[in-house]
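# Overview (structure and organization)
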Amino acid sequence: MHWTLFAARILVVTATEGFRHDSIEVAESTIQELAAAQSAEVVFARTNDDLRSHIGFYGISAVIFVNTTGELDPVARQSLLAWVTRGGTFVGIHSATDTWHSSPEYIEMIGAEFASHPPDFEATFRIEAPSHLATKSLPSPHVMLEEIYSFANVAGDIHVLMTVDGAPVAWEKRYGNGEVLYTALGHREDVWQSPWFRAHVRGILTWTLAQQRAGGRRRAASSP
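In this text, all values refer to a predicted model and were calculated from it rather than measured experimentally. (Residues numbered from 1 in each chain as written. Predicted model: local features only at pLDDT ≥ 70, side-chain atom pairs only at ≥ 80, totals over all residues. Heavy atoms only, no water.)

### Some words on the overall build of the protein chain
Regarding its fold elements, the protein chain presents six helices and 11 strands. Over its C-alpha trace the protein chain gives a radius of gyration of 16 Å, about what one expects of a compact globule, namely 17 Å for 224 residues. Its C-alpha atoms give the protein chain principal-axis dimensions of roughly 50 × 40 × 35 Å. Here the protein chain holds 224 residues, and 56% of them are scored as buried. Summarising the internal contacts of the protein chain: among those between residues at least 6 apart in sequence, 71% fall at separations of at least 24. (Helix = DSSP H or I, 4+ residues; strand = E, 2+ residues; numbered from the N terminus. Rg over C-alpha atoms; globule rule 2.2 N^0.38 Å. Buried < 20%, exposed > 50% of the residue type's maximum accessible area, 1.4 Å probe, protein only. Contact = heavy atoms within 4.5 Å.)

### Examining the nonpolar core
One recurring pattern in soluble globular proteins: nonpolar side chains tend to sit buried together. Within the largest apolar cluster, 74 residues are counted, with the highest numbers of intra-cluster contacts made by Val63, Phe65, Leu80, Phe90 and Phe125. Sorting elements by how many residues they give to this core places helix H6 (residues 195-222) first, with eight residues. Not counting chain neighbours up to four residues away, the residues in contact with leucine 80 comprise Phe57, Val63, Phe65, Phe90, Trp100 and Met109. (Core = buried A, V, L, I, M, F, W, Y, C linked by side-chain atoms within 4.5 Å.)

### Here we look at the sheet that holds strand S4 (residues 89-93)
Taken together, nine strands build an open sheet; the order of strands is S2-S1-S3-S4-S11-S10-S9-S6-S7 and the sheet is mixed. This sheet does not close on itself; its edge strands, each paired only once, are strand S2 (40-45) and strand S7 (142-146). Strand after strand, the sheet turns through a mean of 20° between neighbouring axes, direction not considered. The pairing of strand S1 (residues 8-13) with strand S3 (residues 62-66) spans four bridges and is parallel. The residue bridging isoleucine 10 from the neighbouring strand is alanine 62, located in S3. Docked against the sheet, helix H1 (residues 24-36) engages S1, S2, S3 and S4, running at close to 160° with respect to S2. Together, S3, S4, strand S10 (167-175) and strand S11 (178-183) form the strand contacts of helix H3 (residues 74-85), whose direction differs from that of S3 by roughly 130°. (Pairing = 2+ DSSP bridges. Axes fitted to C-alpha atoms, helices over the stretch in contact; angles between N-to-C directions.)

### Focus on the side chain of serine 79
In this fold, serine 79 is placed in helix H3. Excluding its chain neighbours within four sequence positions, the residues that come into contact with serine 79 are Ile55, Gly56 and Phe57.

### Topic: the confidence of the model for the protein chain
Low pLDDT means the predicted atomic positions in that stretch should not be read closely. For the protein chain, per-residue confidence averages 93 on the pLDDT scale, and residues scoring 70 or more make up 93% of the total. Note that pLDDT drops below 50 for residues 216-224; the model gives that stretch four contacts with residues more than four away or on any other chain. (pLDDT = per-residue confidence, 0-100.)

### What to know about H1
Taking 1.5 Å per residue as the helical rise, H1 with its 13 residues ought to reach 18 Å, and the 18 Å between its terminal C-alpha atoms agrees with that figure. Three or more residues of H1 are buried, namely Ile24, Val26, Ala27, Glu28, Thr30, Ile31, Leu34 and Ala35. (Expected span 1.5 Å × (residues − 1).)

### Focus: the packing of aromatic side chains
Scanning all chains against the criterion turns up 13 aromatic pairs. Aromatic pair phenylalanine 151 and tryptophan 171: ring centres 5.3 Å apart, planes at 75°, arrangement edge-to-face. Taken together, the positions of phenylalanine 151 in strand S8 (residues 150-152) and tryptophan 171 in strand S10 put the pair 20 residues apart, joining distant regions of the chain. Residue phenylalanine 151 shares its accessibility class with tryptophan 171, and that shared class is buried. Joined through ring pairs, the aromatic side chains of Phe114, Tyr149, Phe151, Trp171 and Tyr182 make up one cluster. (Phe/Tyr/Trp six-rings, centres within 6.5 Å; stacked < 30°, edge-to-face > 60°.)

### A few points about the pattern of salt bridges
With the rule as written, the count across this model stands at nine salt bridges. Close ionic contact of lysine 173 with aspartate 157 constitutes a salt bridge, the shortest N to O distance being 3.7 Å. On the criterion of sequence distance, the pair formed by lysine 173 in strand S10 and aspartate 157 in the loop between S8 and strand S9 (159-164) is long-range, its members being 16 residues apart. Given a relative accessible area of 4%, lysine 173 falls into the buried group. Look at aspartate 157 and you get partly exposed, because its relative accessible area is 45%. Taken together, the shared-partner salt bridges connect Asp49, Arg52 and Asp73 into one network. (Salt bridge = Lys/Arg side-chain N within 4 Å of Asp/Glu carboxyl O.)

In structure tokens, the structure reads:
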């Protein structure tokens, strides 16, 4: 019998109460494949009931919202915000900013609120943080067909990682004692299947696991 030792347990949330992206299935399989390559276990919350079952986020190293939409469970929202504030690691992908529009606290945590988008077009992505784990392996500029968001209520403390036409489409920020990363890419199935975006997701997972290890060291240092 072969046993796998997982370095982390990542909760991937794909629950929706609004538009549901066709790319969710390929997104789940991509994240699971890339996480396994880094010895991380992935568990999924595909419905509100699944999300409620993880309230408290016990034993979870990081939470990734992938193409979530709408007003998900409000008790889970409060639990998530408290968990991140205490030092949790949160990643939002694409329509994670089209989630919980009713919550200024969630919008502040993720860093912006989805406002609108034009039809998909061949966008030029430019890396603004070439040394960041999420973007350091990405050639820049890179042209790719994708749905590009415009945002409202953009937080003033975001560290921009990537832009399109000068506007941020990926960033990092802090929320309380927690770490947050968001990327607006990931609308299309072919984007998830592209080597460039897969490298971006791989880098995001590397960043996520680095935050998990750093958080463990911070907690250990603060223990009596």
